[in-house]
Amino acid sequence: MTAHAQSVSGNVAIGSMRREHWLVVGNLLAALAAGALASWSTPMMLAILYIDIWLLANPHIVATYTRLGAMSSRPRMRQALVFIAPILILAGLTIVALAYEAAGLFALYFLAQSFHVSRQCYGIARRCDRRPPMPWRSLPYGLIYLFPAWGYLHRSAQGADSFLGYPIWLPPVPQAWALAAGIAALVGAACWLACLAYSRRMRQAAGPFDSLVLSHLIVSLVGYVWISDITIGWLVVNVWHNIQYLVFVYRQRQRDDTTGKESETARSSPARAAPWRAVLMPPMRFFLPCAIGGALLYLAASRIGESLLWLGLPTILIAHFVLNFHHYLVDGVIWKRRRTTIG
């Protein structure tokens, strides 16, 4: 490789890392802004909720399903996910609804969603981890789970009994447990930040990994602990989580289509000829089908749930939770099939 080629490659890598940092920071600011607006008034909170559902959450689910094609080497696993898993999830949620009604469904959802958010951030962090060997290298991965665990214990100790306008049951937890988890989380974060400051002083670049983990800790702290309203706090976390996933899947699809130098050439050449079209058209070709497919899935789930209300169960909730829990399962399987690197 010539010196010029090395310089170009280095500039491309630096530019890519900067874009990743800006995406992480932009996502964090969007989530915090959503929480601030939702805290302003109830109508504003409902507006943010509808935007999150229709433009982020529903497309997020469809974006997960678009990755099923990557499992072509495992046809039996894919068939089980598509045909068998929804039936088992439906049966499980129906049992929960029969035993604990809507409060039980939302209790299960809140716990599973908290774990799903952490698991997603953990997986993305693994794919963009370019850190050199350093002390306490695995600490940030533990913090990814510890902060939401602290948040869940805090919400339980808080005694929240209403979520999204529905009753919710959270296990009674002593305040001391939540306090102990909070101290452990903050001490761990302080140790990690100290290691981070040391690595920066030694000029050891880590790509977007550090900013990604830090944004997760900030969102968890704000969404689960700092904001007293459980619904608004959840909304902050959910907006951040949905944007993060949509961006990740979109960029992963770009890397599947073109790689290396050819990818940079393909992006830079159209950009010089028609910059706005080159920038806007690829994400629109990804986002619009996801938004339309997500809306259709949402409407279908609502229609099916409404048609089964005569059963005396919260069938609308069950129908929507089947979609949510099924995409949790699919998401947990599809990304284990390939260990491609992001960045």
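Remember, it's a predicted structure, so these values are computed and weren't measured experimentally.

(A) How the structure looks around the overall build of the protein. A tally of regular secondary structure across the protein gives ten helices and two strands. When the helices and strands of the protein are read in sequence order from the N terminus, they spell out α-α-α-α-β-β-α-α-α-α-α-α. Taking all 343 residues of the protein together, 45% fall into the buried category. Put simply, of all contacts in the protein between residues at least 6 apart along the chain, 80% involve residues at least 24 apart. When the accessible surface of the protein is split by element, carbon and sulfur atoms take 69% of a total near 18,000 Å².

(B) How the structure looks around the layout of surface pockets. Looking at the second largest pocket, its volume works out to about 690 Å³. Together, 31 residues line the second largest pocket, and I53, L164, Y298, H320 and N324 are the ones closest to its centre. Across the lining of the second largest pocket, the residue classes tally to 19 nonpolar, eleven polar and one charged.

(C) Quick peek at empty space enclosed by the protein. Under the defined criterion, the tally for this structure stands at two cavities of 30 Å³ or more. The computed volume of the largest cavity comes to approximately 200 Å³. Around the largest cavity sit 15 residues that line it, and E20, V24, I124, L212 and Q244 are the ones nearest its centre. Of all the elements in the fold, those that place two or more residues in the lining of the largest cavity are α1 (3–40), α6 (209–226) and α7 (230–257). At five residues, the largest contribution of residues to the lining of the largest cavity is made by α7.

(D) Representation of the pattern of salt bridges. A complete count under the given rule lists two salt bridges for this structure. A salt bridge links D129 to R137, with the shortest nitrogen-to-oxygen separation between them at 3.6 Å.

(E) The confidence of the model for the protein, seen in detail. On average, the protein scores 86 in pLDDT, and the residues at 70 or more come to 85%. Mean pLDDT per element in the protein: helix α8 (residues 260–273) is the minimum at 45, and helix α4 (residues 139–158) is the maximum at 97. When the criterion is pLDDT under 50, residues 1–15 qualifies, and its contacts beyond four places in sequence or with other chains add up to two contacts. Of the regions scoring below 50 in pLDDT, residues 260–273 engages in nine contacts with residues more than four places distant in sequence or in other chains.

(F) Inspection of the packing of aromatic side chains at higher detail. Evaluated as defined, the whole model comprises 20 aromatic pairs. Centroid distance F106 to F321: 5.3 Å. Interplanar angle 80°. Geometry classified as edge-to-face. Of this pair, F106 sits in helix α3 (residues 75–127) while F321 sits in helix α10 (residues 315–334), placing them 215 residues apart in sequence. Here F106 falls in the buried class, since its relative accessible area comes to 3%. Among the aromatic residues, those joined into a ring-pair cluster are F106, Y109, F110, Y152, F163, Y166, Y224, W234, F321, F325 and Y328.

(G) The arrangement of the nonpolar core in detail. In this structure, L93, L105, F110, F163, F321 and F325 are the most contacted members of the largest nonpolar core, which totals 83 residues. The dominant element in this core, judged by the number of residues it contributes, is α3, at 17 residues. Each residue touching F321, except ones within four places of it in the same chain, is listed here: L93, L105, F106 and Y109.

(H) A look at unusual backbone geometry. Even without being a glycine, E101 presents a positive backbone phi close to 60°. Its place among the elements puts E101 in helix α3.

(I) Quick look at helix α2 (residues 42–66). With 25 residues, α2 extends 35 Å between its outermost C-alpha atoms, agreeing within 8% with the 36 Å of an ideal straight helix rising 1.5 Å per residue. If you look at α2, its biggest bend is around 40°, right at I53.

(J) Summary view of α6. If you check α6, its first and last C-alpha atoms are 24 Å apart, about what 18 residues at 1.5 Å a residue would give, namely 26 Å. Taken across its 18 residues, α6 has 14 buried, putting it largely inside the fold.

(K) A look at a nonpolar patch on the surface. Together, W276, V279, L280, M284, L288, I292 and L296 line one region of the surface with nonpolar side chains, adding up to about 760 Å² of accessible area. Here W276 is to be found in helix α9 (residues 275–307). Given a relative accessible area of 67%, W276 falls into the exposed group.

(L) Seen up close, the packing of α3 against α10. Relative to each other, α3 and α10 sit at 125°, their axes nearing to 6 Å. In terms of axis orientation, α3 runs oblique to α10. Seen from above, α3 lies across α10 with right-handed handedness. Here the contact of α3 with α10 is composed, by residue class, of 23 nonpolar, six polar and one charged.

Rules behind the numbers
Residues numbered from 1 in each chain as written. Predicted model: local features only at pLDDT ≥ 70, side-chain atom pairs only at ≥ 80, totals over all residues. Heavy atoms only, no water. Helix = DSSP H or I, 4+ residues; strand = E, 2+ residues; numbered from the N terminus. Buried < 20%, exposed > 50% of the residue type's maximum accessible area, 1.4 Å probe, protein only. Contact = heavy atoms within 4.5 Å. Areas by Shrake-Rupley, 256 points an atom, 1.4 Å probe, with all protein chains shown as cover. 1 Å grid on protein atoms, 1.4 Å probe; cavity = no way out; pocket = protein on both sides within 12 Å on 5 of 7 lines; lining within 4 Å. Points joined across faces, edges and corners; volume = space filled by probe spheres on them. Nonpolar A, V, L, I, M, F, W, Y, C, P; charged D, E, K, R; others polar. Salt bridge = Lys/Arg side-chain N within 4 Å of Asp/Glu carboxyl O. pLDDT = per-residue confidence, 0-100. Phe/Tyr/Trp six-rings, centres within 6.5 Å; stacked < 30°, edge-to-face > 60°. Core = buried A, V, L, I, M, F, W, Y, C linked by side-chain atoms within 4.5 Å. Expected span 1.5 Å × (residues − 1). Bend = angle between axes of the 7 residues up to and from the residue. Patch = residues over 30% accessible without salt bridge, like charges linked within 9 Å, V, L, I, M, F, W, Y side chains within 5 Å. Axes fitted to C-alpha atoms, helices over the stretch in contact; angles between N-to-C directions. Parallel < 35°, antiparallel > 145°, perpendicular 65-115°, else oblique. Left-handed = near helix turned anticlockwise from the far one by under 90°.

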